[in-house]
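Fold and contact review
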Amino acid sequence: MTLIGLPYEVGPIRPPSEAASLLIRATRNCPWNKCQFCPTYKGTRFERRPVEDILRDIDRAAEYHGDVFQTAFIQDANSLVMKTDELVKVISHLRTRFPGVRRVTSYARARTAARKSLDELRQLHQAGLSRLHIGLESGYDPLLEYMQKGVTSDLVVEGGRSVVESGISLCLYVVLGLGGRLRLEGGETWRSHALQTAQVLNQVNPDYIRVRTLTIKQGMPLHDRLLSGEFEESSDAEKVREEQLLIRNLEVTSYFVSDHSTNVLMDVRGQLPEDKATMLSIMEQYLELTEEEQVNFRLGTLFSYFGYEPNYGSFSDFLVRARREAVTGVIENLEQEQPGRSRQLLTDFSRMLI
Ligand code: SF4
């Protein structure tokens, strides 16, 4: 895919933190592509791009933009799948053509990271690879298997530790609500998901932990399981309770990031362990709200995301009485128009989040 106006190829996604980055597509799509909760590359085939094509794209990007970027992101889903010497070539060329770039990052799969030797990861770091974004999703193996993640918690620990040891900064992603109301192995999956995920994170101690929240949409294999009734989503309060259990059990020095619009409480972020008490207290305050207040908060937050007024930019906005009353007024109007309209809007908005 070439974005309109750009003389080089760009893939479909990058992490929110890379919104201002130069995007260079080194491979196309995902070599695994089976995760039940992921629609991004479904219906596409994984392709390796010839190295000379990638280098040519870097040259074209340099001629087109000039040395204006401070950060760069190498696409698509698992750049580590490239031969190490080829990826070194790509990163070195990018660093040469864009001397102003201070950070080069990429997505990778934990299984692939575990297959690279420590020496190979060090070569990539020396060439200029600053950070890898890896989807842990869950540390609970039965859930990883249910979601067809194609990786075990042991492999994430192995691959994650190698990345950290190589000097490359590591960001591990966790999906809140991933287990929904499943009872895998007869127990409450959400609980095992939170506890086992904390265990894996404690063993790896990544630089960043990023949370996103499960949102089921058409195009995800999980959507069929939702329609058949096999999978049931958890409520916002259940997701927050799960996040609370996760954070309570973390013994890391990572920065906890909640920068995704799917998350119920984006205010729950900070440096661990210093900010842990504040993060837990925000969740506690949320869980003390009535169900009606929780709907009010979520709807007001989504109003902000979709550019409607009045809205809440944060949980502290919700605690301001005047702002809460303004959102309540909108909800009452919606309910007068059609009973149940506010909850329907909440579901519709949630499905539109990306
Ligand atoms: S979550 Fe990652 S590994 Fe899984 S299918 Fe999506 S892009 Fe591929």
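The sections below set out a description of the structure shown in this document. (Residues numbered from 1 in each chain as written. Predicted model: local features only at pLDDT ≥ 70, side-chain atom pairs only at ≥ 80, totals over all residues. Heavy atoms only, no water.)

One finds F256 and L265 to be the most contacted residues of the largest nonpolar core, which totals 91 residues. Judged by nonpolar contacts, the second largest core, of 16 residues, contains Y140, L143, I216 and M220. (Core = buried A, V, L, I, M, F, W, Y, C linked by side-chain atoms within 4.5 Å. Buried < 20%, exposed > 50% of the residue type's maximum accessible area, 1.4 Å probe, protein only.)

The next point concerns the pairing of strand 6 (residues 131-137). Of all seven residues that make up strand 6, seven are buried, and the element is covered over most of its length. As paired strands, strand 5 (residues 103-108) and strand 6 are joined by four bridges and run parallel to one another. Its bridge partner lying in strand 6, T105 is registered against R131. Note that strand 6 and strand 7 (residues 169-176) share six bridges and pair parallel. Across the sheet, residue I134 finds its bridge partner in strand 7, namely L172. (Helix = DSSP H or I, 4+ residues; strand = E, 2+ residues; numbered from the N terminus. Pairing = 2+ DSSP bridges.)

Now for the packing of aromatic side chains. Following the criterion strictly, the structure yields 15 aromatic pairs and no others. An angle of 65° between the planes, with centres 6.5 Å apart, marks the rings of Y208 and Y255 as edge-to-face. With Y208 in strand 8 (residues 208-213) and Y255 in strand 9 (residues 255-257), this residue pair connects regions lying 47 residues apart in the sequence. Arranged with centres 6.0 Å apart and planes meeting at 65°, the rings of Y286 and F297 form a pair that is edge-to-face. In this pair, Y286 sits in helix 10 (residues 276-287) while F297 sits in helix 11 (residues 291-305), placing the two residues eleven residues apart along the sequence. (Phe/Tyr/Trp six-rings, centres within 6.5 Å; stacked < 30°, edge-to-face > 60°.)

Next up on the list: unusual backbone geometry. The omega torsion of the bond from Q75 to D76 falls at 0°, within 30 degrees of zero and hence cis. Between L272 and the following residue, P273, the backbone shows a cis peptide bond with an omega angle of 0°. Residues other than glycine seldom take positive phi values, yet N29 does so here, at roughly 70°. Within the secondary structure layout, N29 lies in the loop between strand 2 (27-28) and strand 3 (47-48). For E137, which is not a glycine, the phi torsion comes out positive at approximately 65°. As for its placement among the helices and strands, E137 is situated in strand 6.

Let's shift gears to helix 14 (residues 341-352). With twelve residues, helix 14 ought to run about 16 Å at 1.5 Å a step, and its terminal C-alpha atoms sit 16 Å apart, in line with that. Every buried residue belonging to helix 14 is among S342, L345, L346, F349 and S350, and all of these are buried. The buried side chains of helix 14 occupy one side of the element, clustering within an arc of 135° when seen end-on. If you follow the buried residues of helix 14, they end up packed against helix 11 and helix 13 (321-337). (Expected span 1.5 Å × (residues − 1). Arc of directions from axis to C-beta. Contact = heavy atoms within 4.5 Å.)

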